[in-house]
Amino acid sequence: MRCKTLCPAAAVVALAAVGWGLVAGAATADEPAARAFVNAHIIPIEGEEIERGVMIVRDGRIEAIGHVDELAVPRDAQRVDLAGRILMPGLICTHSHIGGIGGADQSGPIQPDVRVYDSINVRDSGFRRAVAGGLTTLNIMSGSGHLLSGQTVYVKLRRAETIDDLLIHDEDGWIMGGMKMANGTNPIRDRASFPGSRARAAALMRQFFIKAQEYRDRVARAEEDESKRPARDIGMDAMIEVLDGRRIVHFHTHRHDDIMTVLRLAEEFDFRVVLHHVSDGWAVADEIAAAGVPSSIILIDAPGGKLEAKHLILETAGIMEKAGAQIAFHTDDYITDSRLFFRMAALGVRGGMSREGALRALTINGAKMMDLEDRIGSLEPGKDADFIVLDGDPLSVYTKVLETWIEGERVFDRSDEKDHLHAVGGYGAGYDQMPYFCCFQQYMSALIQQQTGGQQ
Amino acid sequence: MRRTRRSDEAKTRRSGSTGFFILILMLVAGLNVDDIQAQIAVRGEVIYTMAGDPIEDGVVVITDGRIAAVGPSDAVAIPDGHRVMEAAVITPGLIDARSTVGLTGIYNIPHDQDHIERSSPMQPELRAIDAYNVREKLVEYTRSYGITTVHTGHAPGELISGQTMVVKLRGNTVEEALLQEAAAIAATFGPGAHRSGSSPGTRGKTMAMIRQELIRAQEYQRGRAEADEDADAEEEGRAEDDAAIDEHGEDVDASPRSRGGRNLRMEALGRVLDGELPLLITAHRAQDIASALRLAREFDIRIWLDGAAEAYLLTEEIKAAQVPVLLHAPMVRAVGERQNLSFETAARLRDAGIPVAIQSGYEGYVPKVRIVLFEAAIAAAHGLGISGALETITIEAARILGIDDRVGSIEVGKDGDLALYSGDPFEYTTHCVGVIIDGEVVSDEPR
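This is a predicted model, so every value here is computed, not measured.

(A) Inspection of the overall build of chain A at higher detail. Along the backbone of chain A there are 12 helices and 17 strands. A burial count over chain A gives 60% of its 456 residues as buried. Residue pairs at least 24 apart in sequence account for 68% of intrachain contacts in chain A once pairs closer than 6 positions are excluded. For chain A, the accessible area works out to roughly 18,200 Å², and carbon and sulfur atoms hold 49% of it.

(B) Just the overall build of chain B, in detail. When helices and strands are counted, chain B shows 12 helices and 15 strands. Within the span of chain B, comprising 447 residues, buried residues form 60% of the whole. As displayed, chain B has an accessible area near 17,100 Å², and 47% of this comes from carbon and sulfur atoms.

(C) Representation of the interface of chain B and chain A within the structure. Contact residues are listed per partner, giving 55 residues for chain B and 49 residues for chain A. Roughly 4,500 Å² of surface becomes buried between chain B and chain A when both sides are summed, with 58% attributable to carbon and sulfur atoms. Area buried by chain B at its contact with chain A is led by Arg333, Tyr365 and Tyr428 of chain B, which between them contribute 18% of it. For the interface between chain B and chain A, the tally reads zero salt bridges. Linking chain B to chain A there are 21 residue pairs in polar contact (both at pLDDT 80 or more).

(D) The arrangement of the sheet that holds strand β7 (residues 135–140) of chain A in detail. All names here are of chain A. Taking strand neighbours across the sheet as the criterion, the three strands line up as β6-β7-β9 in an open arrangement whose pairing is mixed. This sheet does not close on itself; its edge strands, each paired only once, are β6 (91–96) and β9 (153–156). Averaged over all pairs of adjacent strands, the angle between strand axes in this sheet comes to 20 degrees, irrespective of strand direction. Note that β7 and β9 share four bridges and pair antiparallel. Bridged to Asn139 within β9 is Tyr154.

(E) Inspection of the side chain of Ser96 of chain A at higher detail. All names here are of chain A. For Ser96, the position within the fold is in strand β6. Residue class for Ser96 comes out buried when judged on its relative accessible area of 0%. From its side chain, Ser96 meets the backbone nitrogen of Ile98 in a polar contact 3.4 Å long. Other than its neighbours up to four places away in sequence, Ser96 contacts Leu138, Asn139, Ile140, Met141, Thr331 and Asp333.

(F) Quick look at the sheet that holds strand β14 (residues 327–329) of chain A. All names here are of chain A. Read from one edge of the open sheet, six strands run β8-β10-β11-β12-β13-β14, paired in mixed fashion. Either end of the sheet is taken by a strand with one partner, and the two such strands are β8 (148–151) and β14. Within the sheet, the average angular offset between the axes of one strand and its neighbour, ignoring direction, is 25 degrees. The sheet contact formed by strand β11 (residues 249–253) and strand β12 (residues 273–277) spans five bridges and is parallel. The residue bridging Val249 from the neighbouring strand is Val273, located in β12.

(G) Here's a closer look at the packing of helix α6 (residues 203–233) of chain B against helix α8 (residues 286–299) of chain B. All names here are of chain B. In contact at an axis separation of 12 Å, α6 and α8 are set at 20 degrees when each is read in the N-to-C sense. By the angle between their axes, α6 is roughly parallel relative to α8. For the element pair α6 and α8, the recorded crossing hand is right-handed. Here Arg203, Met207, Ile210, Arg211, Leu214, Ile215 and Gln218 of α6 lie close against α8, whose contacting residues are Gln287, Asp288, Ser291, Leu295, Glu298 and Phe299. Each residue belonging to the contact of α6 with α8 can be placed in one class, and the counts come to six nonpolar, three polar and four charged.

(H) Representation of the pattern of salt bridges. Residues and elements named next belong to chain A. Evaluated as defined, the whole model comprises 56 salt bridges over all chains. We note a salt bridge from Asp384 to Lys156, for which the minimum N-O separation is 2.6 Å. Placement of the pair is Asp384 in the loop between α10 (364–368) and β15 (387–390) and Lys156 in strand β9, with a sequence separation of 228 residues. According to the relative accessible area criterion, Lys156 is buried, its value standing at 1%.

(I) Region of the structure containing the pairing of strand β10 (residues 179–182) of chain A. Residues and elements named next belong to chain A. Across the two faces of β10 the burial is the same, with Met179 and Met181 and Lys180 and Ala182 all buried. With three bridges connecting them, β8 and β10 associate as antiparallel partners. Counterpart to Gly150 in the pairing with β10 is Lys180. Examined bridge by bridge, β10 and β11 share four bridges and lie parallel to one another. When the sheet's bridge partners are listed, Met181 is paired in β11 with Phe251.

(J) Representation of the packing of aromatic side chains. Residue and element names in this part refer to chain A. Enumeration according to the criterion identifies eight aromatic pairs over all chains in this entry. Ring geometry for Phe37 versus Trp405: centroids 5.2 Å apart, planes at 80 degrees, classification edge-to-face. Of this pair, Phe37 sits in strand β1 (residues 34–42) while Trp405 sits in strand β16 (residues 401–406); the two residues are 368 residues apart in sequence, bridging distant segments of the chain. Judged on exposure class, the residue Phe37 and its partner Trp405 are both buried. Aromatic side chains Phe208 and Phe209 sit 6.4 Å apart centroid to centroid with 75 degrees between the ring planes, which places their arrangement in the edge-to-face category.

(K) Geometry of the pairing of strand β13 (residues 418–421) of chain B. Residue and element names in this part refer to chain B. What you see with β13 is no split at all: Leu418 and Leu420 on one side and Ala419 and Tyr421 on the other are buried throughout. Sheet analysis places strand β4 (residues 83–92) next to β13, joined by four bridges and oriented antiparallel. Across the sheet, Val89 pairs through a bridge with Tyr421, a residue of β13. Pairing of β13 with strand β14 (residues 432–437), which is carried by four bridges, proceeds in the antiparallel orientation. For Leu418, the partnering residue across the bridge sits in β14 and is Ile436.

(L) Structural detail: unusual backbone geometry. Cis rather than trans, the peptide bond between Val366 of chain B and Pro367 of chain B has omega equal to -10 degrees. For Pro367 of chain B, the location among the structural elements is in the loop between β12 (356–358) and α11 (372–392). The phi dihedral of Asp59 of chain A is positive, around 55 degrees, even though this residue is not glycine. By secondary structure assignment, the location of Asp59 of chain A is in the loop between β2 (50–58) and β3 (61–67). A positive phi angle, close to 55 degrees, is found at Asp332 of chain A, a residue other than glycine.

(M) Representation of a negative patch on the surface. Judged by side-chain charge, Glu48, Glu49, Glu51 and Glu356 of chain A come together as a negatively charged surface patch. In this structure Glu49 of chain A comes out as partly exposed when scored by relative accessible area, which is 41%.

(N) Geometry of α11 of chain B. In this model α11 of chain B runs just 10 Å from its N-terminal to its C-terminal C-alpha over 21 residues, more than 12% under the 30 Å that 1.5 Å per residue would give. Most of α11 of chain B sits out of view: 16 of its 21 residues are buried.

(O) The side chain of Ser342 of chain B, seen in detail. Residue and element names in this part refer to chain B. Its place among the elements puts Ser342 in the loop between β11 (325–327) and α10 (345–351). On the basis of relative accessibility, which here comes to 1%, the residue Ser342 falls in the buried class. Among the polar contacts made by the side chain of Ser342, one reaches the main-chain amide nitrogen of Glu344 at a distance of 2.9 Å.

(P) Spotlight on helix α7 (residues 264–273) of chain B. Residues and elements named next belong to chain B. The buried count for α7 comes to seven of 10 residues, which makes it a mostly enclosed element. Residues Arg265, Met266, Ala268, Leu269, Gly270, Val272 and Leu273 constitute the buried set of α7. With a side-chain oxygen positioned 2.8 Å from the backbone nitrogen of Arg265, the residue opening α7 is Asn263. After α7 finishes, the residue Gly275 shows a positive phi value of roughly 85 degrees.

(Q) Quick look at the confidence of the model for chain B. Residues and elements named next belong to chain B. Here chain B shows a mean pLDDT of 89. Residues at 70 or above account for 86%. Here residues 1–36 is modelled with pLDDT under 50, and outside its nearest four sequence neighbours on either side it reaches 39 contacts, counting other chains as well. This model gives residues 238–243 a pLDDT under 50, and the stretch forms six contacts once residues within four places in sequence are excluded.

(R) A look at the packing of helix α3 (residues 198–221) of chain A against helix α4 (residues 234–243) of chain A. Residues and elements named next belong to chain A. In the contact formed by α3 and α4, the axes pass within 9 Å of each other and the chain directions differ by 95 degrees. On the basis of their axis angle, the class for α3 and α4 is roughly perpendicular. Counted together, Phe208, Phe209, Lys211, Ala212, Gln213, Tyr215, Arg216 and Val219 of α3 and Met236, Asp237, Met239, Ile240, Val242 and Leu243 of α4 form the full contact between these two elements. Split into classes, the residues belonging to the contact of α3 with α4 amount to 10 nonpolar, one polar and three charged.

How each quantity is defined
Residues numbered from 1 in each chain as written. Chains lettered and ligands numbered in written order. Predicted model: local features only at pLDDT ≥ 70, side-chain atom pairs only at ≥ 80, totals over all residues. Heavy atoms only, no water. Helix = DSSP H or I, 4+ residues; strand = E, 2+ residues; numbered from the N terminus. Buried < 20%, exposed > 50% of the residue type's maximum accessible area, 1.4 Å probe, protein only. Contact = heavy atoms within 4.5 Å. Areas by Shrake-Rupley, 256 points an atom, 1.4 Å probe, with all protein chains shown as cover. Buried area = accessible area lost by both parts, 1.4 Å probe. Salt bridge = Lys/Arg side-chain N within 4 Å of Asp/Glu carboxyl O. Polar contact = N/O pair within 3.5 Å; in protein donor to acceptor, adjacent residues only side chain to side chain. Pairing = 2+ DSSP bridges. Axes fitted to C-alpha atoms, helices over the stretch in contact; angles between N-to-C directions. Parallel < 35°, antiparallel > 145°, perpendicular 65-115°, else oblique. Left-handed = near helix turned anticlockwise from the far one by under 90°. Nonpolar A, V, L, I, M, F, W, Y, C, P; charged D, E, K, R; others polar. Phe/Tyr/Trp six-rings, centres within 6.5 Å; stacked < 30°, edge-to-face > 60°. Patch = residues over 30% accessible without salt bridge, like charges linked within 9 Å, V, L, I, M, F, W, Y side chains within 5 Å. Lys, Arg positive; Asp, Glu negative; His and termini not counted. Charge placed at Lys NZ, Arg CZ, Asp CG, Glu CD. Expected span 1.5 Å × (residues − 1). pLDDT = per-residue confidence, 0-100.

Written out as structure tokens, the structure reads:
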């Protein structure tokens, strides 16, 4: 480690960060013990809208929520009058690539050992844009140029010094995340060890899952006889979490036949899966609904740009909703801008989705796809105080996100000059690292050339 | 072409010839039945004419493909035999100030991508009309949201990538679609033009190359003029030209007094030097915008700024140079040289008195085409408002492109191009419920 003069300073910063982390949420000299957001039009997602509502936040969580005439403001709470503005849960994006990520590389098509959270730059301006768009929780993933591109990470968009400040742990202290997989054309490459066809892709995946099952079984048997424990394989350890259902597979898939292949794989190997993108979802909506598999979808302004998306339509969300499928939306940032995430839901409504369903698809449904529905995705007592304040109808182009709060702390304030810069753009607003998207360079190289002249 | 036909038609009407004669003339001119039947009246709760205040509870009458009347419904009679349509909001057919649709196709495979030619960094002779696919699915898709006129052509990505043109989103051939066969010559400054091989690798080299090329075009013009004078004085039938043209069409002998043959590349740049065509310069960083303005001064040429993500830093300079801006799509990805783009740029340029139109631009990936209606919506929500944002995709775009005698507003005598919406055109949940071009209903499925 290169230390010399820098290390002591770094240590102080680290200690300060830890200290800050410990006291976050607790009352300090400046911080009130609790806050009461009054006169809010509350869209709690679970439960009826409350036109003149009040929400009490204490210790980073929602203490109570109700109508102003029925819920008293505690004596120790600071009153925040929202003057009729919309108050709703922070948005949840089930599929994002912000932070200049670099996950699996070109070494092979299946890389469960790679953790995307080892690659994230928390100072990337994408994080500031995300909170400006009202996002509070993301699933950050590798690109889709592999059959299996590694472990994803669920993050809260808290103010951060390092990625560790963003992690979400479960009750066992496990760092929550999923596993990214893909089929269709993205992982198909003219390169040794990568599949050259859809059938080959499926065969490779099936053989790999069989190998993972065998590893899992050997590990299980070793509980009785330690000498039988196989050499530790960090990728296979993550696959055990997949097979145990703790780590959900997030599966990039566009075409209707590829979607069916995912359903077939998930059934054969009994893993929990969320379908991602699902451009042809309209074609197999009944099958998706019958399988009980949730879908995280993206609506793009026009079809095409890649062959698999040539039948993409805005009506997909509505058709799938009517079929009874569970739907969330995602930004796929940087494919679409996190600041415009509400737009995705509104386009869903334009395409026939219900308003209620569209708002759920930005919040609670995404939470469910990340096993976080007990903590986030709706405004209910006991849940994390992750919420946003809007100046109008969530589905209107003219509406702005005014504030974003995570665990009781305000992380975005549109009236703040710096935050405003990130919300609307301008000189100094962008300082992003280009993400690394392995393996479908025929598109990405053109894109990077177009945007940067190849200079990253 | 259409212009010629139309003037024939108009003359015929003025001369009071019989309907039979008109019919024969139309058949001879190749007009289809829709043109003859293009009799439509549209009622709207609000009509944004873009020529004066919006009209509430109004009517637009289209006769023979052109706007015959517009006004409040109690003041405008609907003639017999006109199909009547209704919508909450009516606007002029929208104009996309800069696109590549029709040259770029939905599949994004080499077979349907004709927006850029990589064989040489400067190819101003490439015509958009030779690359436009009227049957491209994305043309129809674009149209279904109310866009009726598009300035399309060669994309950014080479120092001089080729020509652009203006088309209506209709017609069976590019000739039928054309409003302008050449609208501008597209150039790119900044890293977007930096490539390997013969392309420039730096900003300095970019400017050196384009300056030298324009100087060669000036010398070519002089050479041709002088040679023409010489030719007048000499006999016809001299020796064949000995112009040196390599396999890439480079290094043409354009020296003065050469008896070299016509050179399409030099001729195309000559149209810029003559002021006939503007140089459409894609430049995002402020330093590249400044270079564009400097080039325009040096050669006394017309330019349009294209993209211009950081234009808000140079509003005084752009205003002083009287250069219009075809602004990037507000939702284009804010990375690379566009990382400082702002949703508010359109409003800031408008407030500075700079002519500004919003474009859909070029996309290398998804979405393969942007919808300029959606893009202007972001500007509407960031300082422009409904009317201001509509201007950037109707009359202001038409003025910049020089087609405002035909399109861009709902006024008597202009082309019968309308877009019909179920509400505020910019709201995400509003539908486009009808699109009319030259009096022909080209789309009436809600979008």
